[in-house]
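Descriptive analysis of the structure
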Amino acid sequence: MPELPEVEVVRAGLERLTLGATVTEITTFHPRAVRRSEGGPEGLTAFSGRSIDSVARRGKFLWFDMDGMALNVHLGMSGQLLVSRPGVPAPDHPHLRARIDFADGTVIRFLDQRTFGYLQRSSLTEVPDDFPAGQGTTSRLIPVPVAHIARDLLDPGCDLVALSKRTRTKRTEIKRAMLDQTLVSGLGNIYCDEALYRARINPRRKTNGLSYAQLDELWHQSREVLREALLAGGTSFDSLYVNVNGSSGYFSRSLNAYGQGGKPCGRCGAIMRKIQFMNRSSTYCPICQPFASRT
DNA sequence: TATAACTCCTGAAGGC
DNA sequence: TGCCTTCAGGAGTTAT
């Protein structure tokens, strides 16, 4: 599933291959691919003739800035952006949802098996540079639909001390908080399980029952997991996540928690437990990650 | 206002 | 072989 490292790999590939390119046409093949876009499929004609000034990302959201107008992309669960260079065929595919053609012959194909992803036209708005604290004296431009998304853990401006304080004000379970993109962005089910495992915290522990030391450890481990996954090119279990060239990442070989239910814990040998949580699976070690606090 | 539950969707996998 | 059920989960919407 595309989480922050996978989206960053895609963003970097798009930046390398499409920066400065001029859009000639955006064609959509499935209504859900543009369900959140201003003006629907017809609204995308506004990008014709515009050039890509930058390819930016916050958490799992990425966007092309084209002369002050944003083309946002969310990959959902199974979205892929495949770039074909000029002269290289860009064949149709059963899951082809949209296609972006450029003046130099480059083509971006948006494939999405489960249709949770989308393309979206939007305007940009100013957001305080230290959002979500909101005390900043400077600001930056963010697409309006992304403005409520918090900084991600690889953002140089992400303050882990402030993040721990905000986390402590919540009254919910820690994994639910980690998945809350308005608290911190970029984490999905896979990296949440990995970070909680490394920090030895049970996913159902209450946020306000964790010490600042535990939260500090958790956020540092979360950041480290994301960095390692990014270096490995992301996590791929199947063909649902690939980079802009169609290649897979290798971090799935380094997973210690996600998908390990029923297998022995790499630390203590106890059988890893898999539970249903928030309509998704959650895997943890019942010994290393006890529900009851030991402090 | 904060939190929790529901919903969207497709295809692989397993059971019968 | 074919049908049915279950599972996977990001994020917006709705309910509490």
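Everything discussed here concerns the structure shown above.
As a starting point, this report considers the structure included with it. (Residues numbered from 1 in each chain as written. Chains lettered and ligands numbered in written order. Predicted model: local features only at pLDDT ≥ 70, side-chain atom pairs only at ≥ 80, totals over all residues. Heavy atoms only, no water.)

Glancing now at helix α6 (residues 212–231). For α6, built from 20 residues, the straight-helix expectation of 28 Å at 1.5 Å per residue is met to within 8% by its first-to-last C-alpha distance of 29 Å. For α6, the complete set of buried residues consists of Gln214, Leu215, Leu218, Trp219, Gln221, Ser222, Arg223, Val225, Leu226 and Ala229. Buried residues in α6 make contact with α1 (4–18), α3 (160–169), α4 (174–178) and α5 (189–199). (Helix = DSSP H or I, 4+ residues; strand = E, 2+ residues; numbered from the N terminus. Expected span 1.5 Å × (residues − 1). Buried < 20%, exposed > 50% of the residue type's maximum accessible area, 1.4 Å probe, protein only. Contact = heavy atoms within 4.5 Å.)

So, on to the side chain of Glu3. Counting through the fold element by element, Glu3 comes out in the segment before α1. Buried and without a salt bridge, Glu3 has Lys60 as its closest oppositely charged side chain, separated by 5.6 Å. Only 2.7 Å separates the side chain of Glu3 from the backbone nitrogen of Gly188, close enough to count as a polar contact. In this structure the side chain of Glu3 is engaged in a polar contact, spanning 3.4 Å, whose partner is the backbone nitrogen of Asn189. With near-sequence residues (within four places) excluded, Glu3 lies in contact with Lys60, Gly186, Leu187, Gly188, Asn189, Ile190 and Tyr191. (Lys, Arg positive; Asp, Glu negative; His and termini not counted. Salt bridge = Lys/Arg side-chain N within 4 Å of Asp/Glu carboxyl O. Polar contact = N/O pair within 3.5 Å; in protein donor to acceptor, adjacent residues only side chain to side chain.)

The N-to-C vectors of α3 and α6 enclose an angle of 120 degrees; their axes lie 9 Å apart at closest approach. Here α6 runs oblique to α3, going by the angle between their axes. Crossing of α3 against α6: the hand is right-handed. Between α3 and α6, the contacting residues are Leu160, Leu163, Ser164, Lys165, Thr167 and Arg168 on the first element and Tyr212, Leu215, Asp216, Trp219, His220 and Arg223 on the second. By residue class, the composition of the contact of α3 with α6 is 5 nonpolar, 3 polar and 4 charged. (Axes fitted to C-alpha atoms, helices over the stretch in contact; angles between N-to-C directions. Parallel < 35°, antiparallel > 145°, perpendicular 65-115°, else oblique. Left-handed = near helix turned anticlockwise from the far one by under 90°. Nonpolar A, V, L, I, M, F, W, Y, C, P; charged D, E, K, R; others polar.)

Moving on, we come to the environment of Pro41. On the secondary structure map, Pro41 appears in helix α2 (residues 40–43). What makes Pro41 partly exposed here is its relative accessible area of 38%. In sequence terms Pro41 and Phe29 are 12 residues apart; their C-alpha atoms lie 9.3 Å from each other. Non-local contacts of Pro41, meaning those with residues more than four positions away in its chain, are made with Thr28 and Val34.

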